[in-house]
Amino acid sequence: MRLFEAIVDANQRAARGENAGLRPADFADFLPIVALSCIDPRLNPLLPEVLGIPDEHFIWLRNAGNIITGPMSSTMRSLALACPVKAGREIVVIGHTDCRVRQTSSAELLDRFRALGIERARLPDNLNEFFGLFASERQNVIKAAGFVRQSPLIGPAIPVHGMLVDIRTGQIECLVNGYNALEITAAGVTQEWNLPSFDLGSMKFPETKIGEITTHAEPVPSPATVPPARSLKPMPPASIPVPPRILHRHPKQR
């Protein structure tokens, strides 16, 4: 069992009330790890305790929302330097439930900036793109891990993982297994897309040249020929599982 597989296994066993913990000495060749998490202070007592990794083997980087906007972003600079400079062996993006960034809309963000004396004209045009606002904690972690994996600044042999931590219980959900991505790359497997074949020579293109105005238009169907809209039945509410209130967390390894 490899490092992050052992971390998830120990965390899940602890969640079931078993006496579980990670033995960092068994994974000395895989430490230290480089982690990117959110700035939420509620993570302070959880990390790296729920991972079972000692503080000295936990290179902790943080930004608002554990967001990475691209494979060459400023956050990538720190992640990349942590590997050759701090000898990081594996990388993990750690999101968390109940994220305040996810809960903040662009309109609410504008109001809060305005309360701080920052008017709209001083902010970037596209707030969502600049601040990386997102609608799903899980998708945000998967997207960030993908950017790290694609970055030319990260060595191809370094696993890049993605996890989500329950902010109340400390339970870990594995979203991206970085070992699987390395195995696929080593096997030379590429993604195949089943696209329909077509003959470029048989395709018909409009004869109107750029700048010309087309004066002929297709007739608009009369109301009598338009089928009536179908009424849709309301969907039943989805069943949402309720997580346990309290889960055992690992003792900190020293």
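So, here's what we can say about the structure. Counting of residues starts from 1 at the beginning of each chain's written sequence and follows it residue by residue. Predicted model: local features are reported for residues with pLDDT of at least 70 only, side-chain atom pairs are reported and counted for 80 or more only, and whole-chain, interface and lining totals are derived from all residues. To obtain the side-chain values, all non-hydrogen atoms of the structure were used and water was disregarded.

Here the focus is the side chain of serine 151. Where helices and strands are cited, they refer to DSSP runs of H or I of at least four residues and of E of at least two residues respectively, numbered from the N terminus. Note on placement: serine 151 falls in the loop between α5 (137–150) and β4 (160–165). Here a polar contact means two N or O atoms within 3.5 Å. Within protein one must be a hydrogen donor candidate and the other an acceptor candidate, and residues neighboring in sequence count only if both atoms are side-chain atoms. A distance of 3.1 Å separates a polar atom in the side chain of serine 151 from the backbone nitrogen of leucine 153. Contacts are assigned to residue pairs that have any heavy atoms within 4.5 Å of one another. Excluding its chain neighbours within four sequence positions, the residues that come into contact with serine 151 are Pro71 and Met76.

Residue proline 32 is reached from leucine 31 by a cis peptide bond, and omega for that bond is 5 degrees. Looking at the element boundaries, proline 32 is found in the loop between α1 (3–15) and β1 (33–37). In this chain, leucine 47 is followed by proline 48 through a cis amide linkage whose omega measures 0 degrees. Following the sequence through the fold, proline 48 ends up in the loop between β1 and β2 (58–62). Here asparagine 66, not a glycine, exhibits a phi torsion of approximately 40 degrees, which is positive. Structurally, asparagine 66 can be placed in the loop between β2 and α2 (74–82). Residue classification places asparagine 66 among the buried positions, given a relative accessible area of 2%. The phi dihedral of aspartate 98 is positive, around 60 degrees, even though this residue is not glycine. Its location among the elements puts aspartate 98 in the loop between β3 (90–96) and α3 (106–115). Under the scheme applied here, a residue whose accessible area is under 20% of the maximum for its type counts as buried, over 50% as exposed, and between as partly exposed, the area being computed with a 1.4 Å probe on protein chains only.

In this section: the nonpolar core. By size, the foremost hydrophobic cluster in this structure holds 35 residues, and its most contacted members are Leu3, Ile7, Ile33 and Leu51. Of all the secondary structure elements, the ones that give two or more residues to this core are α1, β1, β3, α3 and β4. Tallying contributions element by element places α1 first for this core, with 5 residues. Sequence-distant contacts of leucine 3, defined by excluding residues within four places in its chain, comprise Leu22, Phe27, Phe30, Leu31, Ile33, Glu90 and Tyr179. Only buried residues count toward a nonpolar core. Its members are Ala, Val, Leu, Ile, Met, Phe, Trp, Tyr and Cys residues joined through side-chain atoms within 4.5 Å. In this structure, Ile68, Val141, Ala144 and Val148 belong to the second largest nonpolar core, which totals 21 residues.

Here the aromatic set is Phe, Tyr and Trp, taking the six-membered ring for Trp, and pairing holds for ring centres within 6.5 Å; pairs whose planes are under 30 degrees apart are stacked, those over 60 apart are edge-to-face, and all others are tilted. Going through the model one piece at a time under the given rule, you end up with 4 aromatic pairs. Between phenylalanine 113 and phenylalanine 131, the aromatic rings sit 5.6 Å apart at their centres with planes inclined by 35 degrees, giving tilted as the arrangement. Here phenylalanine 113, found in helix α3, pairs with phenylalanine 131, found in helix α4 (residues 127–131); they are 18 residues apart in sequence, far enough to count as distant. Phenylalanine 113 sits in the buried class, given a relative accessible area of 17%. An aromatic cluster of three or more residues is present, and its members are Phe113, Phe130 and Phe131.

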